[in-house]
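Structure assessment
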Amino acid sequence: NLQMYAERIVVGGLSKGTLLVFRDITSETEAERLKSEFISTISHELRTPLSSIYGFTELMVKKQLPNEKQAKYLQTIHAETERLTHLVNDFLDVQRMEAGSQMYDREQLDVEPVIRDMMTFYEASSLKHQFELVTADDRPYELFADCQKFKQLMSNLLSNAVKYSPRGGKITVELAHHDQSISIKVKDQGIGIPSDALDRLFDKFYRVDNSDSREIGGTGLGLPICQEIVRGHAGQIHVESVQHQGSTFTVVIPSYEYAVREQETTTA
Ligand code: ADP
């Protein structure tokens, strides 16, 4: 995107010619576009749970409802409020990411039981998806990590695996030890990702633009947040996927042992 403007060169009151200035405004228009996309995504995503909360509370205020109906409506209101809280937290996380002010409260963390608990939770709340945790050996899988942030990372990856897989789809998490790191793979057999979208998947607000994904709501903030958390722990995240066959997200983070040794050598 080029913007052009002309400036007359005047020396001592005499016109000496015209200077044509070309300015590449690609990044500026891209920033503007992202900003308006951000606002429209936020408004759209906030409006859906809000209108549902508004509708159900109005019914409850205006109508005499039987107890079971009230209980059902309250459950929906509760779930939608939870969704709103998640959304607002994601927006705040992204804002912290931009400001570079994300803090990590690290501890020695055995990730296997954390992941197992989360999988049990998702198994109970998803549409009959089948979950399996595969470990390469019996040694503990320990990271020097912020437990809350690690849960947020896993929750984003697991909920995507559920969201973008059909009912009953199989979701596998594989843990493995490497020389200096631990790898966590989250595999699904869902809709997959077109190859031309893979490069942009971790960009903020990016969502694959096809009918499969469009029907499923989202903000395009989950994966950039995952990337930020992984990088905050000196790790890497990448994705492999075949459309209509499934996706595998791999996270590699330095092991607890390695991270602590590294920290000791840098502070020594
Ligand atoms: P959201 O799911 O809120 O749209 P994310 O940042 O988590 O945002 O993901 C970005 C996009 O990547 C999604 O919109 C979807 O198109 C694609 N995607 C993410 N995870 C998967 C997956 N497991 N299978 C297929 N597509 C996925």
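This one's a predicted model, so the numbers in the text were calculated from it and none came from an experiment. (Residues numbered from 1 in each chain as written. Predicted model: local features only at pLDDT ≥ 70, side-chain atom pairs only at ≥ 80, totals over all residues. Heavy atoms only, no water.)

**Observations concerning the sheet that holds strand S6 (residues 170-177)**
Selection rule: Strand pairing requires that DSSP identify at least two bridges connecting the strands. The helix count covers DSSP runs of H or I at least four residues long, the strand count covers runs of E at least two residues long, and both are numbered beginning at the N terminus. Helix axes are fitted only over the stretch in contact, all axes being lines through C-alpha atoms; the angle between N-to-C directions runs from 0 to 180 degrees.
Judged by pairing direction, the sheet is mixed, and its 5 strands sit side by side in the order S4-S6-S7-S9-S8 without closing on themselves. Across the chains shown, the open sheet's two edge strands, defined by having one partner strand only, are strand S4 (130-135) and strand S8 (236-242). The mean inter-strand angle of the sheet, taken between neighbouring strand axes irrespective of direction, is 15°.

**Quick look at the site of the ligand**
We count it as follows: We call a residue near a given molecule or strand whenever any one of its heavy atoms falls within 4 Å of it. Definition of a polar contact: a pair of N or O atoms within 3.5 Å, with one able to donate and the other able to accept a hydrogen when the atoms are protein atoms, and with sequence-neighbouring residues admitted only if both atoms are side-chain atoms. Each accessible area is a Shrake-Rupley estimate made with a 1.4 Å probe; only the visible protein chains count as cover when residues are assessed. Each residue gets one label: Ala, Val, Leu, Ile, Met, Phe, Trp, Tyr, Cys and Pro are nonpolar, Asp, Glu, Lys and Arg are charged, and the others, such as Gly, are polar.
For the ligand, the set of nearby residues contains 21 residues, the closest of which are Asn-160, Tyr-164, Asp-188, Arg-207 and Leu-223. Between Thr-219 and the ligand, the recorded distance is 2.9 Å, taken from a backbone N or O atom to an oxygen atom. Notes on the ligand: free accessible area 530 Å², of which the protein chains cover 97%. At the level of secondary structure, the elements contributing two or more residues to the shell around the ligand comprise helix H4 (147-163), helix H6 (222-232) and strand S9 (246-254). Looking at which element gives the most residues to the shell around the ligand, the answer is H6, with 3 residues. Across the shell around the ligand, the residue classes break down as 10 nonpolar, 8 polar and 3 charged.

**Side note on the side chain of Glu-80**
The cut-off we apply is this: Only protein chains enter the area calculation, which uses a 1.4 Å probe; residues under 20% of their type maximum are buried, those over 50% are exposed, and those in between are partly exposed. Whether two residues are in contact is decided by their heavy atoms, any of which lying within 4.5 Å being enough.
Examined against the element boundaries, Glu-80 turns out to sit in helix H2 (residues 67-99). Among the residues examined, Glu-80 registers a relative accessible area of 14% and is labelled buried. When sequence neighbours within four positions are dropped, the list of residues in contact with Glu-80 reads Pro-49, Ser-52 and Ile-53.

**So, H6**
Extensive coverage of H6 is indicated by the burial of 8 of its 11 residues. Of all the residues in H6, the buried ones are Gly-222, Leu-223, Pro-224, Ile-225, Cys-226, Gln-227, Ile-229 and Val-230. Those residues of H6 hidden inside the fold are in contact with H2, H4, S8 and S9. Looking at the residues trailing H6, positive phi occurs at Ala-234, about 60°.

Just geometry here; none of it tells us what the structure is for.
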